[in-house]
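Below are the chains, spelled out letter by letter.
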Amino acid sequence: MSLSLAEMAEAVLRTGDGRAKAALSLDYAARWAEARAAGTPPEIGSATPPDRPARPARPELRDPRDVPRRRPGSPQGRIAILHAVAHIELNAVDLHWDIVARFAGTPMPLGFHDDWVKAAAEESRHFNLVCDVLEAHGSHYGALPAHAGMWRAAEDTADDLMGRLAVVPMVLEARGLDVTPDMIALFEKAGDAGAVAALRTIYAEEVGHVAYGSKWFHFLCGRHELDPKDTFHALVRRYFHGPLKPPFNEEKRAEAGLPPDFYWPLSETTPR
Ligand SMILES: [Fe+2]
Ligand SMILES: [Fe+2]
């Protein structure tokens, strides 16, 4: 119990097996929440997180162009989608703990750590949920190749907390809000109740992660007396490669504290 929060984060990042990573993440998140409730949070401390988190031997990681595409309407296509979601969720577990470990030296209110630890716990449950659905279909995480390069955003922003918040929760996780409703509809059409339930949980909780990003991004803009919108545009242009893709889920983005003038100017088209 004497581990600092940063050391707990590093231990999750250094755990390779997916289910073991998720279990350790949930255990540490519960410890943090209990200690916070008791008014005795562990110290934040410091850590030396790995440049890239440990991952299981499988799935094989390939360049996105070399990951075979399957028809989304077919059963194999739906398995491939779920496999890709599991891969994203496992990456998200690492991304949230990496914010805690890598930026432990930046003084932040305890609420910052509460938010990312809670988000990491939710990602761990998302990973487990999607793995359960894959296994119910006779597949498993690791059965198919997965995208390499998902850690790129973390590497690019390893020294820039505001850049990290702009690109990871406020661009990448916000993109999840845009695409998840169509995915839910696809599994509804296929009558896959297990997948629909998992995706609905993910969709509901991801709004919170985008909101944490926006909250702490605005906090840091306030600390440094920066204009949030201009700073967001500059950081996304620096660290994110390519334009943002509409259609945007304006309703959920608004709920998460992302106004249209943040993302529309970064897209290749103008609002309809
Ligand atoms: Fe998630
Ligand atoms: Fe998330």
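Rules behind the numbers
Residues numbered from 1 in each chain as written. Chains lettered and ligands numbered in written order. Predicted model: local features only at pLDDT ≥ 70, side-chain atom pairs only at ≥ 80, totals over all residues. Heavy atoms only, no water. Helix = DSSP H or I, 4+ residues; strand = E, 2+ residues; numbered from the N terminus. Rg over C-alpha atoms; globule rule 2.2 N^0.38 Å. Contact = heavy atoms within 4.5 Å. Areas by Shrake-Rupley, 256 points an atom, 1.4 Å probe, with all protein chains shown as cover. Donors = N, O, S within 2.8 Å, 3.2 Å for Na, K, Ca; no water. Tetrahedral: all angles 85-135°; square planar, octahedral: opposite > 155°, others 65-115°. Buried < 20%, exposed > 50% of the residue type's maximum accessible area, 1.4 Å probe, protein only. Salt bridge = Lys/Arg side-chain N within 4 Å of Asp/Glu carboxyl O. Axes fitted to C-alpha atoms, helices over the stretch in contact; angles between N-to-C directions. Parallel < 35°, antiparallel > 145°, perpendicular 65-115°, else oblique. Left-handed = near helix turned anticlockwise from the far one by under 90°. Nonpolar A, V, L, I, M, F, W, Y, C, P; charged D, E, K, R; others polar.

Another point: the overall build of the chain. A tally of regular secondary structure across the chain gives ten helices and two strands. N-terminal to C-terminal, the α/β element order of the chain is α-α-β-α-α-β-α-α-α-α-α-α. The C-alpha atoms of the chain give a radius of gyration of 18 Å, which matches the 19 Å a tight globule of 272 residues would have. Taken along the three principal axes of its C-alpha coordinates, the chain extends 50 × 50 × 30 Å. Counted over contacts in the chain with a minimum sequence separation of 6, partners at least 24 positions apart contribute 81%. Put simply, the chain shows about 12,500 Å² of open surface, and 54% of that area lies on carbon and sulfur atoms.

This brings us to unusual backbone geometry. Here the amide bond leading from arginine 58 into proline 59 is cis, since omega sits at 5°, within 30 degrees of zero. Residue placement: proline 59 occurs in the loop between helix H2 (18-37) and strand E1 (61-62). Backbone geometry places glutamate 225, a non-glycine residue, at a positive phi of 55°.

Turning to the coordination of the iron ion (ligand 1), a few remarks are in order. As a benchmark, a tetrahedral metal site with four donors has ideal angles of 109.5 degrees, while an octahedral site with six donors has ideal angles of 90 or 180 degrees. Protein coordination at the iron ion (ligand 1): the donors are Glu89 (OE), Glu123 (OE), His126 (ND1) and Glu206 (OE), at 1.9 to 2.3 Å from the metal. Classification of the site at the iron ion (ligand 1) as irregular follows from its four donor atoms and the range of 85 to 161° in their angles at the metal. All donor residues of the iron ion (ligand 1) come from one chain, and their arrangement in sequence is E-x33-E-x2-H-x79-E. Taken as a pair, the iron ion (ligand 1) and the iron ion (ligand 2) show a spacing of 3.9 Å, with glutamate 123 coordinating each metal. Of this pair, histidine 126 sits in helix H4 (residues 110-136) while glutamate 206 sits in helix H7 (residues 193-223), placing them 80 residues apart in sequence. By the burial criterion, histidine 126 is buried, and glutamate 206 matches it.

A few words now on the pattern of salt bridges. Across all of its chains, the model carries 20 salt bridges by this definition. Aspartate 94 serves as the salt-bridge partner of arginine 55, at 2.9 Å between the closest nitrogen and oxygen. You can see arginine 55 sitting in the loop between H2 and E1 and its partner aspartate 94 sitting in helix H3 (residues 75-102), a full 39 residues away along the chain. Classification of arginine 55 by relative accessible area gives partly exposed; the value is 23%. Two residues, arginine 200 and glutamate 188, come together in a salt bridge whose shortest N-O distance is 2.3 Å. With arginine 200 in helix H7 and glutamate 188 in helix H6 (residues 161-189), the pair connects residues that are twelve residues apart, well separated along the chain.

Turning to the coordination of the iron ion (ligand 2), a few remarks are in order. Glu123 (OE), Glu173 (OE), Glu206 (OE) and His209 (ND1) make up the full set of protein donors to the iron ion (ligand 2), lying at 1.8 to 2.1 Å. Coordination at the iron ion (ligand 2) is irregular: its four donor atoms span angles of 92 to 138° at the metal.

Okay, the packing of H2 against H3 next. Where H2 contacts H3, the two axes come as close as 10 Å, and the packing angle between them is 40°. It follows from the interaxial angle that H2 and H3 lie oblique. The two elements H2 and H3 meet at a crossing, and its hand is left-handed. Note on element contacts: H3 touches H2 through Leu90, Val93, Asp94 and Trp97, opposite Gly18, Lys21, Ser25, Tyr28 and Ala29. Looking at the contact of H2 with H3 residue by residue, the classes come out as five nonpolar, two polar and two charged.

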